[in-house]
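# A look at the structure
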Amino acid sequence: MLERFIKRFPTFFDYLGLAFRQHLLATLAIVFYAVLLLVLGVLRLEKEQNLHRMTFEESLVDISNILAIELSSQVKDGKLDTDKIKQLFTNLKKVDSQAKIFASNLGRILIDAYVTDERGIVVYDSQSATNVGKDFSKWKDVSMALEGKYGSRPTPKELDDL
């Protein structure tokens, strides 16, 4: 019964000539390989981006440790003297770096930092002095740092941090 149906209603490809079918198969093969190359390219790009993020995070760890060591030397009578760190960031923001990173020039230094006390209250913020006195203890990076874990953040404030 099925054979009779197939003979009575031939498929679309039966109407096409051999050359057209070969052309269609070649086109499908090219599309398949193009998609495969695209997927492999995306996977490679993702791997490279992860490597860049890891390198960036390593630099943040180093900078965090340098700042922590410097700040620990600025504690007097149990209180942090932020004058030296304020001067450091003021001077950093004036620097016009001529460093060329890959294809772009760095320009000005873009790093900012804030320092909290042991309760997560801001005692210094290089980006905005209005944050001094605010409670950042609920922010993910601050709460992790207060627990003794790595707490730097490579991106601007994110909504899920609040």
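In what follows, the accompanying structure is described. None of the values given here were measured: they were computed from a predicted structure. (Residues numbered from 1 in each chain as written. Predicted model: local features only at pLDDT ≥ 70, side-chain atom pairs only at ≥ 80, totals over all residues. Heavy atoms only, no water.)

We now examine a nonpolar patch on the surface. Taken together, Val 31, Phe 32, Tyr 33, Val 35, Leu 36, Leu 37, Val 39, Leu 40 and Leu 43 make up a surface patch of nonpolar side chains, about 890 Å² in accessible area. Note on placement: Leu 36 falls in helix H2 (residues 18-72). (Patch = residues over 30% accessible without salt bridge, like charges linked within 9 Å, V, L, I, M, F, W, Y side chains within 5 Å. Areas by Shrake-Rupley, 256 points an atom, 1.4 Å probe, with all protein chains shown as cover. Salt bridge = Lys/Arg side-chain N within 4 Å of Asp/Glu carboxyl O. Helix = DSSP H or I, 4+ residues; strand = E, 2+ residues; numbered from the N terminus.)

This part is about the pattern of salt bridges. Going through the model one piece at a time under the given rule, you end up with 5 salt bridges. Taking the shortest distance from any N to any O, the salt bridge between Asp 81 and Lys 76 comes out at 3.6 Å. Residue Asp 81 is classed as partly exposed on the basis of its relative accessible area of 22%. Between Glu 147 and Lys 149 there is a salt bridge; the shortest N-O distance is 3.2 Å. Relative accessible area serves as the criterion here: at 55%, Glu 147 is assigned to the exposed category. (Buried < 20%, exposed > 50% of the residue type's maximum accessible area, 1.4 Å probe, protein only.)

What follows deals with the pairing of strand E4 (residues 104-108). Both strand E3 (residues 96-101) and E4 contribute to a ladder of 4 bridges, which runs antiparallel. Looking at the pairing, Asp 96 lines up with Arg 108 of E4. Taking the residues between adjacent antiparallel strands as the criterion, E3 and E4 are bridged by 2 residues, where Phe 102 takes a positive phi near 55°. (Pairing = 2+ DSSP bridges.)

This brings us to the nonpolar core. Counting 7 residues, the largest nonpolar core consists of Leu 67, Leu 71, Ile 85, Phe 89, Ala 113, Val 115 and Tyr 124. Breaking this core down by element, the ones donating at least two residues are H2 and helix H3 (83-94). In this structure, Leu 67 is in contact with Ile 85, Leu 88, Phe 89 and Ala 113, ignoring residues within four places of it in sequence. (Core = buried A, V, L, I, M, F, W, Y, C linked by side-chain atoms within 4.5 Å. Contact = heavy atoms within 4.5 Å.)

As a further point, take the environment of Arg 119. For Arg 119, the location among the structural elements is in the loop between strand E5 (114-116) and strand E6 (122-125). For Arg 119, a relative accessible area of 55% translates into the label exposed. A sequence separation of 27 residues divides Arg 119 from Leu 146, and the C-alpha atoms of the two residues are 7.6 Å apart. Look past the residues within four positions of Arg 119 in its chain and what remains in contact with it is Asp 135, Ser 137 and Leu 146.

Turning our attention to the side chain of Asp 125. Mapped onto the elements, Asp 125 comes out in strand E6. Classification of Asp 125 as buried rests on a relative accessible area of 8%. Polar side-chain contacts of Asp 125 include one of 2.8 Å to the backbone nitrogen of Gln 127. (Polar contact = N/O pair within 3.5 Å; in protein donor to acceptor, adjacent residues only side chain to side chain.)

Here we come to the packing of aromatic side chains. Summed over the entire model, instances satisfying the criterion amount to 4 aromatic pairs. Ring plane angle 85° and centroid distance 5.1 Å describe the contact between Tyr 114 and Phe 136, whose orientation is recorded as edge-to-face. Taken together, the residues span a long stretch of sequence, with Tyr 114 in strand E5 and Phe 136 in the loop between E6 and helix H4 (140-146) at a distance of 22 residues. For Tyr 114, a relative accessible area of 24% corresponds to the partly exposed category. For Phe 136, a relative accessible area of 4% gives the class buried. A ring pair is formed by Tyr 114 and Trp 139, whose centres lie 5.9 Å apart and whose planes are at 85°; its orientation type is edge-to-face. On the criterion of sequence distance, the pair formed by Tyr 114 in strand E5 and Trp 139 in the loop between E6 and H4 is long-range, its members being 25 residues apart. Among the aromatic side chains, those forming a connected cluster through ring pairs are Tyr 114, Phe 136 and Trp 139. (Phe/Tyr/Trp six-rings, centres within 6.5 Å; stacked < 30°, edge-to-face > 60°.)

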